[in-house]
Amino acid sequence: MSFPRCALLWARLTVGRRAGQRAARCSALGVHAGPLPGLLGHAPALASSSASDGSKTPNTSLFVPLTVKPQGPSADGDVGAELTRPLDKNEVKKILDKFYKRKEVQKLAVDYGLDARLFHQAFISFRNYILQSHSLDVDIHIILNDICFSAAHVDDLFPFFLRHAKQIFPVLDCKDDLRKISDLRIPPNWYPEARAIRRKIIFHSGPTNSGKTYHAIQKYFSAKSGVYCGPLKLLAHEIFEKSNTAGIPCDLVTGEERVAVEADGRQAAHVSCTVEMCSVTTPYEVAVIDEIQMIRDPARGWAWTRALLGLCAEEVHLCGESAAIDLVTELLYTTGEEVEVQRYERLTPISILDHALESLDNLQPGDCIVCFSKNDIYSVSRQIEVRGLESAVIYGSLPPGTKLAQAKKFNDPNDPCKILVATDAIGMGLNLSIKRIIFYSLIKPSVNEKGEKELEPISTSQALQIAGRAGRFSSQFKKGEVTTMNREDLSLLKEILNRPVSPIKAAGLHPTAEQIEMFAYHLPDTTLSNLIDIFVDFSQVDGQYFVCNMDDFKFSAELIQHIPLSLRVRYVFCTAPINKKQPFVCSSLLQFARQFSRNQPLTFAWLRKYIKWPLLPPKNIKDLVDLEAVHDVLDLYLWLSYRFMDMFPDASVIRELQKELDEIIQDGVHNITKLIKISETRKLLNLEGLSGTLKSPSRRLRSIKILGSKAAEPPSPSASEIPLASRLVQQGLLTPDMLKQLEKEWLTQQTEQNQERTEPGLTSKGLRKKKKEPNSE
């Protein structure tokens, strides 16, 4: 061995020996040896500060451990073994097990942010690292050797354990920084441009069809400059068209579309946009925020909060339910802005009928049947067609052009179509000439946090929004009526509509791309989905705010996690609005991200090939649903094209393609009853037993369950004729998959019983000759 190398090893050995001797002396005196200098740094201060500032304890189940690979053979050889001796793995394992069981070590770990879960995970990783490495760092090798010879205390492993724990859980080293980044308190301070001016806030409060939005829009039209922020593309389009028709140049900005009306491409003084797209840096004279009560929306509420606090306008007009007045007043109290409330009454009367429709034979012109599932829409449309009537159909996943075409068809007094079948998509965004709203059901399917399907009655706010579409001031019907399809639901409807609307308690917030980037700087190896979880867990909000649900964002993040993208690009892809229930749309997001990562532009030719254009008109309901999914994919392309113009270069051509597809879908919806009939014939759609009269028993059971009744009414004679399996599926007690599984198990059981009957010693009745077993069958 060379002299320089020998000197180096001896120096390391001396340091290690001193550490071991110091630990042994402390152990003998019953005093815990403090952390080795240079290993723990300022960690105790970090640990104590996070506990002393009153912040909540983090949910450590969100901390995903990183993998630290064991060390392979070193080019310098095993220096620790040269200085001391090779380690006995069995001895080392005993030392590590003793270290793990030490109560003092566990308590000390808690002081550094390692609860029982993290301590266990860190120890498993630490032990594997020690036992599987070919050679260890000199310092830890020496300490382990000294512990074997009782020259050091087992507690002296703690600094090395903590160093390893911070490698696999980097969040331990930066908790305070993460808390500062995710501090969402005092949101008004995020918008300095708005705070720099004195804004006048006017809240136009009233029910549906009270003229509140009309008065706000008149202010918008008369202003020198203005911005309209709506909840839907349809509403943004409506104000865009009205403004330009009135001779007021107005641009359109939605997630998927930009329309500039000025010939030279300059920005017009007025702009109509969806609320997510509004600018909080452009100054306006008047701003209108429609449907302000959506500030409570679990997923989109952040956009209304941002517009309310951030719009840089001299006058801000808010339109919405009175339930939002108190919250808005409280939020703006923190900015020093007062809220002027203007209240409106409904312009036309509306009444709840004392009788239900009970049969589709009792339909009248101007009726709208509101369903909460596509199957119900298909069933009702089919039954109406059987009665020789024509109906228009509107539901959420239809393209905007198709919705407008169906609304125009229903509103046209010269069109034979006098009935509308729709979902709650008619609640806003469409002007419809409805005389009577008929709730086909009051139960709306929803999905809980666990992904399980739940059936719950609609809220008072939802019921009022839908019922208010009847008898609108601008329609031919000057009086509105509301009822239910089934007699049993009528009392529940009256109860829902007569309840006071609960005041809105909190407004939504959402982390920005900049905040997530700062999080990623501290946790560079953490997935985007996990970053979001940790951000939400660490976030601090005032009592008047909440962090919006980010499940859709996380779904997209996990979907494209394996694709190499920069964090900012990945974030943008994850904010793209997609319907995660549509497999083709989800796979398209994945394909778009993959093409992007390869730096291959998504051209018109590529997209045509991908969606297999040209597409044929739908021949059945499945074809129609597939076309709707393709329309959503084109929407996704257009949305991304405004964020990455060079990679999605053919937006204008794709928009023309989308218009062609919209016409194909319109034709399909126009002939929807024919598609339903074909689908039933080919067994692509099962509508058996879905009629309104046949569904009443299940609805009665649901209503009774909701109202807390202990006894359910017996089913009506008509219901008893339906197969038991169909009734259980209708009531939500069985799913089609469960039904198939039961059928499979029943057939297996029957086969086994048949085999038993043929075994020797059994009679034809299946009873053994020597020993009778009654009820064996």
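Remember, predicted model here, so these are calculated numbers, not experimental data. (Residues numbered from 1 in each chain as written. Predicted model: local features only at pLDDT ≥ 70, side-chain atom pairs only at ≥ 80, totals over all residues. Heavy atoms only, no water.)

**Student:** Sorry if this is basic, but what is going on with the overall build of the protein here?
**Tutor:** If you tally the helices and strands in the protein, you get 31 helices and 18 strands. Within the protein, buried positions represent 49% of all 777 residues. For the protein, the proportion of contacts with a sequence separation of at least 24, taken over those separated by at least 6, is 75%. Summing over all exposed atoms, the protein offers an accessible surface of approximately 38100 Å²; the carbon and sulfur share of this is 54%. (Helix = DSSP H or I, 4+ residues; strand = E, 2+ residues; numbered from the N terminus. Buried < 20%, exposed > 50% of the residue type's maximum accessible area, 1.4 Å probe, protein only. Contact = heavy atoms within 4.5 Å. Areas by Shrake-Rupley, 256 points an atom, 1.4 Å probe, with all protein chains shown as cover.)

**Student:** Looking at this model, I keep getting lost on the sheet that holds strand β8 (residues 339-343). Mind explaining?
**Tutor:** The strands making up a sheet associate through backbone hydrogen bonding, with each pair oriented either parallel or antiparallel. Reading across the sheet, the eight strands line up as β4-β3-β5-β2-β6-β7-β1-β8 and stay open at both edges, with mixed pairing between neighbours. Of all strands in the sheet, those with a lone pairing partner are β4 (258-259) and β8, marking the two edges. Of the pairings in the sheet, the one linking strand β2 (residues 226-230) to strand β5 (residues 270-274) comprises five bridges and is parallel in character. Residue pairing for β5: Val227 is matched across the bridge by Val271. Across the sheet, helix α14 (residues 325-333) is in contact with β1 (200-205), β7 (313-320) and β8; its angle to β8 comes to roughly 165°. (Pairing = 2+ DSSP bridges. Axes fitted to C-alpha atoms, helices over the stretch in contact; angles between N-to-C directions.)

**Student:** Explain the sheet that holds strand β16 (residues 480-484) to me, please; I cannot follow it from the model alone.
**Tutor:** One open sheet accounts for six strands, arranged β9-β16-β13-β10-β12-β11; its pairing is parallel. Every other strand in the sheet has two partners, leaving β9 (350-352) and β11 (391-394) as the edge strands with one partner each. When strand polarity is set aside, the average angle formed by the axes of neighbouring strands in this sheet is 20°. Where β9 and β16 come together, three bridges link them in parallel fashion. Of the residues in β16, the one forming a bridge with Ile352 is Val482.

**Student:** Explain the pattern of salt bridges to me, please; I cannot follow it from the model alone.
**Tutor:** Side chains bearing opposite charge may pair, as long as their charged atoms lie close to each other. Enumeration over the complete set of coordinates arrives at 34 salt bridges. Connected through shared salt-bridge partners, Arg382, Glu385, Lys677 and Glu680 make up one network. (Salt bridge = Lys/Arg side-chain N within 4 Å of Asp/Glu carboxyl O.)

**Student:** Could you clarify how one ought to interpret helix α16 (residues 400-411) in this entry?
**Tutor:** Each full turn of the α-helix corresponds to 3.6 residues, which orients residues three or four apart in the same direction. Across its twelve residues, α16 extends 16 Å between first and last C-alpha, which sits within 8% of the 16 Å expected from 1.5 Å per residue. When α16 is considered as a whole, its buried residues turn out to be Thr402, Lys403, Gln406, Ala407, Lys409 and Phe410. Buried positions in α16, seen along its axis, are confined to an arc of 160° and lie on one side of it. Taken together, the buried residues of α16 touch α12 (233-245), β10 (367-370), β11, β12 (419-422) and α26 (651-670). (Expected span 1.5 Å × (residues − 1). Arc of directions from axis to C-beta.)

**Student:** I tried to follow the packing of helix α21 (residues 551-559) against helix α23 (residues 583-597) on my own but got confused; where do I start?
**Tutor:** Geometrically, a packed helix pair is captured by the angle between its two axes and the distance between the axes. The interhelical angle for the contact between α21 and α23, taken along N-to-C directions, is 55°, at an axis separation of 10 Å. With respect to their mutual orientation, α21 and α23 come out oblique. Classified by chirality, the crossing of α23 by α21 is right-handed. Contacts from Phe555, Ser556 and Leu559 in α21 reach Cys586, Leu589 and Leu590 in α23. When the residues that make up the contact of α21 with α23 are grouped by side-chain class, the tally is five nonpolar, one polar and no charged. (Parallel < 35°, antiparallel > 145°, perpendicular 65-115°, else oblique. Left-handed = near helix turned anticlockwise from the far one by under 90°. Nonpolar A, V, L, I, M, F, W, Y, C, P; charged D, E, K, R; others polar.)

**Student:** Help me out: how do you make sense of the nonpolar core in this one?
**Tutor:** Side chains of a nonpolar character, in soluble globular proteins, are inclined to be buried together. Grouped together as the largest cluster of nonpolar side chains are 158 residues, with contacts concentrated most on Leu157, Phe573, Phe592 and Phe648. At twelve residues, the largest contribution of residues to this core is made by helix α25 (residues 621-641). Within the second largest apolar cluster, 29 residues are counted, among which are Ile426, Leu430, Ile458 and Ala463. (Core = buried A, V, L, I, M, F, W, Y, C linked by side-chain atoms within 4.5 Å.)

**Student:** When you look at the environment of Asp183 in this model, what are you seeing that I'm missing?
**Tutor:** If you trace the backbone, Asp183 turns up in the loop between α9 (175-181) and α10 (192-195). Asp183 gets classed as partly exposed once you look at its relative accessible area, which sits at 25%. Linking Asp183 and Ser539, residues 356 residues apart in sequence, is a C-alpha distance of 5.4 Å.

**Student:** Honestly, unusual backbone geometry in this entry has me stumped. Any pointers?
**Tutor:** Note on backbone geometry: most residues besides glycine have negative phi, and most peptide bonds are trans. Of note, the amide linkage connecting Trp613 to Pro614 takes the cis form, showing an omega dihedral of 5°. Mapped onto the secondary structure, Pro614 falls in the loop between α24 (604-611) and α25. Phi at Ile186 takes a positive value of approximately 55°, unusual for a residue other than glycine. Within the secondary structure, Ile186 sits in the loop between α9 and α10. Classification of Ile186 by relative accessible area gives partly exposed; the value is 46%. The backbone of Lys612 sits at a positive phi, close to 60°, despite the residue not being glycine.

**Student:** Sorry, what's going on with the packing of aromatic side chains here?
**Tutor:** Aromatic ring pairs: the centre-centre distance and the angle between the two ring planes describe each pair. This model, assessed by the stated rule, comprises 22 aromatic pairs. Here the aromatic rings of Phe63 and Phe538 are separated by 6.3 Å at their centres, their planes lie at 35°, and the arrangement is tilted. With Phe63 in the loop between α2 (43-52) and α3 (79-83) and Phe538 in helix α20 (residues 528-538), the pair connects residues that are 475 residues apart, well separated along the chain. Put simply, the rings of Phe99, Tyr100, Tyr112, Phe119, Phe123, Phe126, Phe158 and Phe161 pair up and form one aromatic cluster. (Phe/Tyr/Trp six-rings, centres within 6.5 Å; stacked < 30°, edge-to-face > 60°.)

**Student:** What should I look at first to understand the environment of Asp97 in this one?
**Tutor:** Among the structural elements, Asp97 can be located in helix α4 (residues 89-101). Sequence-wise, Asp97 and Arg127 are 30 residues apart; in three dimensions their C-alpha atoms are separated by 8.8 Å. Among residues more than four places away in sequence, those in contact with Asp97 are Phe123 and Arg127.

**Student:** I tried to follow the packing of helix α15 (residues 374-386) against helix α27 (residues 672-681) on my own but got confused; where do I start?
**Tutor:** Their axes nearest at 9 Å, the elements α15 and α27 cross at an angle of 105°. Comparing their axes, α27 and α15 come out roughly perpendicular. Two secondary-structure elements touch here, α15 through Tyr378, Ser381, Arg382 and Glu385 and α27 through Ile672, Thr673, Ile676, Lys677 and Glu680. Split by residue class, the contact of α15 with α27 holds three nonpolar, two polar and four charged.

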